[in-house]
Amino acid sequence: MADIIKLLPDHVANQIAAGEVVQRPASVVKELLENAIDAGASTIKLIVKDGGKNLIQVVDNGKGMSPTDARLSFERHATSKIQKAEDLFNLNTKGFRGEALASIGAIAHVELQTKTEGDEVGTQIKMEGSKVISQEVMVTPKGTSMLVKNLFFNIPARRNFLKSNQVELRHITDEFHRVALAHPGIAFHYYNNGSELFNLPAVNYRKRIVQIFGGKTNPKLVPVEEETQVVKITGFVNKPEFAKKSRGEQFFFVNDRFIKSPYLHHAVVAAFEGLIHPNTYPGYFLCLEVDPATIDINIHPTKTEVKFDDEHTLYALLRSTIKHSLGQFSVVPAIDFDQDPNLNTPYSFKDKQAELPKVAVDATFNPFAESPSTSQSVSGGNSGGYSSFSKPSAKGWENLYEGLGGKKESSNTVSSIEFESEVITGSIFKEENEEEESVTTTFQLRRKYIVTTIKSGMVVIDQGRAHQRVLYEKFLKNITIKEAVSQQLLFPLSLSFSNADVAILNEIQGQLTTIGFAFSVLEKDKVEVTGVPLQVAESEVGMILEQLISDYQMEIVGDSFSQTDILSKTLSKTLSVKTGTILDNASQLALVNDLFACKEPGLSPFNKPTYITITENDIDKKFI
């Protein structure tokens, strides 16, 4: 039998590895930024064009590479981070696998310019699909500049699966946030299509958070700090009143590396138990420093999943540390039973004596004493001799009836007032041309369902889902026809959102305007709302926009129809009648009529049934 196992060519192996390492342009940004940090750079520039599809460039002022290292860096499993297998358990760098540059070079046009501090000239290498096109000597400043163009040019299927430029830019911005938050001591510059998005100088951790998420984030932060033999915990958590219904400001960093850990996230949520609503998420920016030998990072090429030796201890320490911080900074209300009550006395009342009450009391009053005026009447009819109170007479009561006993022709007399009596004429029999009115009866069950009758039986309607369907079709119609009515606010409503959230609102501003929202200011760190749809209360505007931003972050949208659909779904879900709301008979009947006037009354916008029908035969079968 002929041998069938063969070694794959290098370019094929590199493309296979690229499928894991480079999933989208944001993956390239992450790898290049981490390489710049490992090179010891103090200033890093990120330049992006067309959502990273056509251009990604990272420029740093790190230590650079020699000509030999520059050429060798594009080989598979070539790295300067580790030398032997034992180094995997003592990692102090971001990269260590040696696959990133080889994978990027296999699926894009790459241009590398690098120079060390001791060399007079630098090196320029150009690659296309794992093939070195040229390697030349050139004049370049100290550091490294990595230029990646035409991503997935030789894998058309992967390029077709990329989303719109706005969506890909949002993912790149998320990766930029994670790297910039983990390294506040490094200056970052971020440019998109020639415009500057972020200019972050080197600052402390708190200021870096404020730089990225806006100035109104500062008063929300509560410091967290604890150091033990197992872990050192530093960072900030948001105050409970700023918890959101969507995830977006949850960051875990272990040894300056961003990670995702549902287990540790549960520890943070447990620390906020009783302080936030069950369906909301607290914001946190927590940095954990542990012994590199106690964690395993080599699980996935993205390096966002790690394994800890003792997760239970980390869980307990993290939960107790956050609880202690919330109590230490008076965020959690507490009662101190050991406190001296005299400490609550104001200083001005320290030497002040208590005053007697100024209520006049008759000390000689005896409720059992007999009054002379009533003693005779009581003794005549009651041998017990109980006293009775005499009702005081109202003086001047005759004035109330003054003028009523005068002349009969006076207009104030009762006899002169005439009343019109309405003559009701009718018949107990209906006329022949009079039609019978159909009476529809409705009943609300458990404040959740509406029960109504039909010819064949009855219908049980879920009031929340039914209202979602009604509102969904209404908002779709308003956005399409652009005939929505806006309710102008007397005073503009000022809201605070992060730069990424404001970018999303800018994307969908046109659709928001067509349904009734009006913005006077929609820019970085400031959003002012001057008009809202008629169905939206002013107090619900912030919640609706937060939910809308969350849905856009969760959904992958590309065309305008998807944006319109998500917008209509979000508004219908937020403004619909919730379970537990009491509806009167008129509201119940109106909801039933509006539901069956919809084009798709049987399903909610989220493809769940809105009602069920119970026929008379179904009821009869229950009594067999």
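Definitions and cut-offs
Residues numbered from 1 in each chain as written. Predicted model: local features only at pLDDT ≥ 70, side-chain atom pairs only at ≥ 80, totals over all residues. Heavy atoms only, no water. Helix = DSSP H or I, 4+ residues; strand = E, 2+ residues; numbered from the N terminus. Buried < 20%, exposed > 50% of the residue type's maximum accessible area, 1.4 Å probe, protein only. Contact = heavy atoms within 4.5 Å. Areas by Shrake-Rupley, 256 points an atom, 1.4 Å probe, with all protein chains shown as cover. Pairing = 2+ DSSP bridges. Axes fitted to C-alpha atoms, helices over the stretch in contact; angles between N-to-C directions. Patch = residues over 30% accessible without salt bridge, like charges linked within 9 Å, V, L, I, M, F, W, Y side chains within 5 Å. Salt bridge = Lys/Arg side-chain N within 4 Å of Asp/Glu carboxyl O. Lys, Arg positive; Asp, Glu negative; His and termini not counted. Charge placed at Lys NZ, Arg CZ, Asp CG, Glu CD. pLDDT = per-residue confidence, 0-100. Expected span 1.5 Å × (residues − 1). Polar contact = N/O pair within 3.5 Å; in protein donor to acceptor, adjacent residues only side chain to side chain.

Enquirer: Give me the overall build of the protein: which residues, what numbers.
Expert: Counting secondary structure elements, the protein contains 17 helices and 22 strands. The buried share among the 624 residues of the protein stands at 42%. Of the contacts formed within the protein by residues at least 6 apart in sequence, a portion of 67% connects residues at least 24 apart. Just so you have it, the protein exposes about 37,700 Å², and 52% of that area is on carbon and sulfur atoms.

Enquirer: Break down the sheet that holds strand β11 (residues 250-254) for me, citing the residues and quoting the values.
Expert: Judged by pairing direction, the sheet is mixed, and its five strands sit side by side in the order β9-β10-β13-β11-β12 without closing on themselves. Two strands in the sheet have a free side with no partner beyond their single neighbour: β9 (221-227) and β12 (258-259). Summarising the sheet, β11 and β12 pair through two bridges and their orientation is antiparallel. Across the sheet, residue phenylalanine 252 finds its bridge partner in β12, namely isoleucine 259. Helix α6 (residues 165-182) rests against β11, β12 and β13 (284-289) of the sheet, and its axis sits at about 50° to β11. Against the sheet, helix α9 (residues 311-328) engages β9, β10 (232-238), β11 and β13, with an angle of about 130° to β9.

Enquirer: Residue-level account of a negative patch on the surface, with values.
Expert: Taken together, the side chains of Glu225, Glu226, Glu227, Asp256 and Glu289 define an acidic patch exposed on the protein surface. For the negative patch, the leading source of residues is β9, giving three residues. Judged by relative accessible area, glutamate 227 falls into the exposed class, the value being 60%.

Enquirer: Residue-level account of the confidence of the model for the protein, with values.
Expert: For the protein, mean pLDDT is 81; residues scoring 70 or higher make up 79% of the total. Mean pLDDT across the secondary structure elements of the protein bottoms out at helix α10 (residues 372-381), with 49, and peaks at strand β1 (residues 43-49), with 96. Across residues 377-389 the pLDDT falls below 50, and counting only partners more than four positions away or on other chains, this stretch makes eight contacts in the model. Throughout residues 407-411 the model reports pLDDT below 50, and contacts reaching past four residues in sequence, or to other chains, amount to four contacts.

Enquirer: Go over the side chain of threonine 321, please, and point to the residues and values.
Expert: Assignment of secondary structure puts threonine 321 in helix α9. Exposure remark for threonine 321: the relative accessible area of 4% places this residue in the buried category. Residue contacts for threonine 321: discarding those within four places in its chain leaves Val224, Glu225, Glu226 and Ile233.

Enquirer: Quick rundown of helix α11 (residues 463-481)? Include the residues and the values.
Expert: Compared with the 27 Å implied by 1.5 Å per residue over 19 residues, the 27 Å span of α11 between its first and last C-alpha is a close match. Between a side-chain oxygen at the N-terminus of α11 and the backbone nitrogen of glycine 464 the separation is 3.1 Å; the capping residue is aspartate 462.

Enquirer: Report on the environment of phenylalanine 475, specifying residues and quantitative values.
Expert: Within the secondary structure, phenylalanine 475 is located in helix α11. Judged by relative accessible area, phenylalanine 475 falls into the buried class, the value being 1%. Residues phenylalanine 475 and aspartate 565 lie 90 residues apart in sequence; the distance between their C-alpha atoms is 9.3 Å. When neighbours within four sequence positions are excluded, phenylalanine 475 is seen to be in contact with Ile515, Gln535, Ser568, Leu571, Ser572 and Leu575.

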